[in-house]
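Architecture at a glance
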Amino acid sequence: MDSLTSSSLSPYYHLIFTALAFVASGLVFLLTRKSKAKKLNLPPGPPGWPVVGNLFQVARSGKPFFEYVRDILLPKYGPIVTLRMGTRTMIIISSAELAHEALIEKGQVFATRPRENPTRIIFSCNKFTVNAALYGPVWRSLRRNMVQGMLSSARLKQFGTVRNVAMDRLIARIKSEADANNGTVYVLRNARFAVFCILLTMCFGVELDEEMIEKVDQMMKVVLLVLDPRLDDYLPLLSPFFSKQRKRVKIVRNEQIQTLVPLIEKRRSVLKNLESDPDAMPFSYLDTLFDLNIEGRKSTPTNAEIVTLCSEFINGGTDTTGTAIEWAIARVIQNPQIQTKLYEEIRSTVGDKKVEEKDAERMVYLNAFVKELLRKHPPTYFSLTHAVTEPTKLAGYDVPTDANVEIFLPGISEDPKIWKDPARFDPDRFLTGGEEADITGTNGVKMMPFGIGRRICPGLSMATVHVNLMIARMVQEFEWSAYPEGSKVDMGEKLEFTVVMKNALRAKVKPRVV
Ligand code: HEM
């Protein structure tokens, strides 16, 4: 789901409003006639204005989109709602039954993606990514390649050393930041950096120096900013007002290509003689892309397409994982008894040894903690947007092919009908005799932080390894507490690319004395 907020629309608000009033009155007659002719039985939703639909209601609520959905739409209209955002029809679902009906029972029909806005078309190289591709041969080829080439359990094992290096670097960074700042550190920044380094190395096949890492990171952030939805994405008739922004999109795309193509070319030449570069990894995502066969296409991916695929690989796992770690540390600080249980489990599993991923895998309490973390804090509150391959029904309502289908994840993982005391953060709920939840949705849907069905996140296993290992190492090395000392952690949320803590978590760390 695009990160639509009232603030992303408000700069244009007054400029556009007058123009719209004219256009609206001119089109109202035509549109009402047209919509009557269609006679779709769409799910219920707030009545909207002609042309703009509910766009300004959302913008004027002053709330981030996820809060508008949670606090205003769902209580009033129930678990399936229609919202008209300018020319786009959005159908939002927020119950386990409906997610199951759509993504499992009618999985094939709901497995495609909607029409993209022009900015996303540029950055996705016309939908040439796993996440944006329409359900069909291109998607199958790209997804199979990513999963078999990089994310299978055999491949994951091969990158164990990269993770260990990144974990040691993370601990060293936390130590030195704490030393320089009276024992305090920012959590998200450090966690994000650690996982970013892992993904960069896996992607490009070399360990980049700090300067290059910083350069790529800055560029990725700029890209995410220009991908923020604009008003003309919902109301294309306003696009003449946005020519400056369109130019900026092209400039940023060029910068992205200029930054990443040298890394691609370097790997191409290193591959001719791997032994020539002692720093080169034996394998990387790039290696799978150079000669990739795409069903229904004769040519292998171009450099621009490779840039896009690499960006997807890196972006898909960076903020999501970093966000999970920030909330994990917040919960650990908020609940010292949870921190003690985690630490005791680490001690009883590995003693004085450094915790490794095979140890983390068999730590029952840690795994319950991570599950509860992803239930209470799914890094994205909406799954990626789905669309249907043909007109269909959901809960008896019509779902047309041009609708954006959004799944609101906390509506499921905090549903009091399927969870005991869902607001409470309690890893013990997953321990013997307690509650259960299959995170993949195969045996029923109760939580779906990675989505479910055909489009389920292919990075699920790797992300779980990263989150488990990072939490285990961070708790093994440090005792975490609130900053300022004795203060309560502010659990407020805000939407960036993911749902992060409203005030970036700054925590006090004390190295453990063993
Ligand atoms: C905690 C970490 C992560 C979370 C919470 C997460 C969550 C998600 C979600 C909710 C979706 C949408 C599923 C749908 O469309 O229904 C998704 C898709 C995707 N994720 Fe992840 N993800 C994480 C990590 C990763 C990693 C590490 C990678 C790869 C390196 C990755 C790559 C992707 C890709 C390529 C898709 C698109 C799949 C498709 O359309 O077929 N993700 N992820």
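Please refer to the structure higher up on the page.
Figured I'd write up the structure that's included with this text. (Residues numbered from 1 in each chain as written. Predicted model: local features only at pLDDT ≥ 70, side-chain atom pairs only at ≥ 80, totals over all residues. Heavy atoms only, no water.)

1. Side note on the overall build of the protein
From N to C terminus, the protein includes 20 helices and 10 strands. Burial statistics for the protein: of 514 residues in total, 55% are counted as buried. In the protein, the proportion of contacts linking residues at least 24 apart, taken out of those at least 6 apart, comes to 73%. If you sum the accessible surface of the protein, you get close to 22800 Å²; carbon and sulfur atoms cover 55% of it. Looking at the protein, you have 68 positive and 57 negative side-chain charges, and the mean spots of the two groups are 6 Å apart. (Helix = DSSP H or I, 4+ residues; strand = E, 2+ residues; numbered from the N terminus. Buried < 20%, exposed > 50% of the residue type's maximum accessible area, 1.4 Å probe, protein only. Contact = heavy atoms within 4.5 Å. Areas by Shrake-Rupley, 256 points an atom, 1.4 Å probe, with all protein chains shown as cover. Lys, Arg positive; Asp, Glu negative; His and termini not counted. Charge placed at Lys NZ, Arg CZ, Asp CG, Glu CD.)

2. Things to note about the side chain of asparagine 145
Checked against the element boundaries, asparagine 145 lands in helix α7 (residues 137-151). Under the relative-accessibility criterion, asparagine 145 is labelled buried at 12%. When neighbours within four sequence positions are excluded, asparagine 145 is seen to be in contact with Met150, Tyr285, Thr288, Leu289 and Leu292.

3. Describing the site of the ligand
Taken together, the neighbourhood of the ligand is formed by 26 residues, with Arg113, Arg143, Ser383, His386 and Cys457 sitting nearest. Interatomic distance of 2.7 Å between a side-chain N/O atom of arginine 113 and an oxygen atom of the ligand. Elements supplying a minimum of two residues to the shell around the ligand: α7, α15 (303-334) and α20 (460-477). Among the elements that take part in the shell around the ligand, α15 stands out by supplying 6 residues, more than any other. (Near = heavy atom within 4 Å. Polar contact = N/O pair within 3.5 Å; in protein donor to acceptor, adjacent residues only side chain to side chain.)

4. Overview of the coordination of the iron atom of the ligand
Of all protein atoms, just one serves as a donor to the iron atom of the ligand, and that atom is Cys457 (SG), at 2.3 Å. Positionally, cysteine 457 belongs in the loop between α19 (409-413) and α20. (Donors = N, O, S within 2.8 Å, 3.2 Å for Na, K, Ca; no water.)

5. Considering the nonpolar core
With 112 residues, the main nonpolar core has Phe204, Phe313, Ile471 and Trp480 as its most contacted residues. Per element, the largest residue contribution to this core is 14 residues, and it comes from α15. With 26 residues, the next largest nonpolar core counts Val51, Ala59, Tyr68 and Phe408 among its residues. (Core = buried A, V, L, I, M, F, W, Y, C linked by side-chain atoms within 4.5 Å.)

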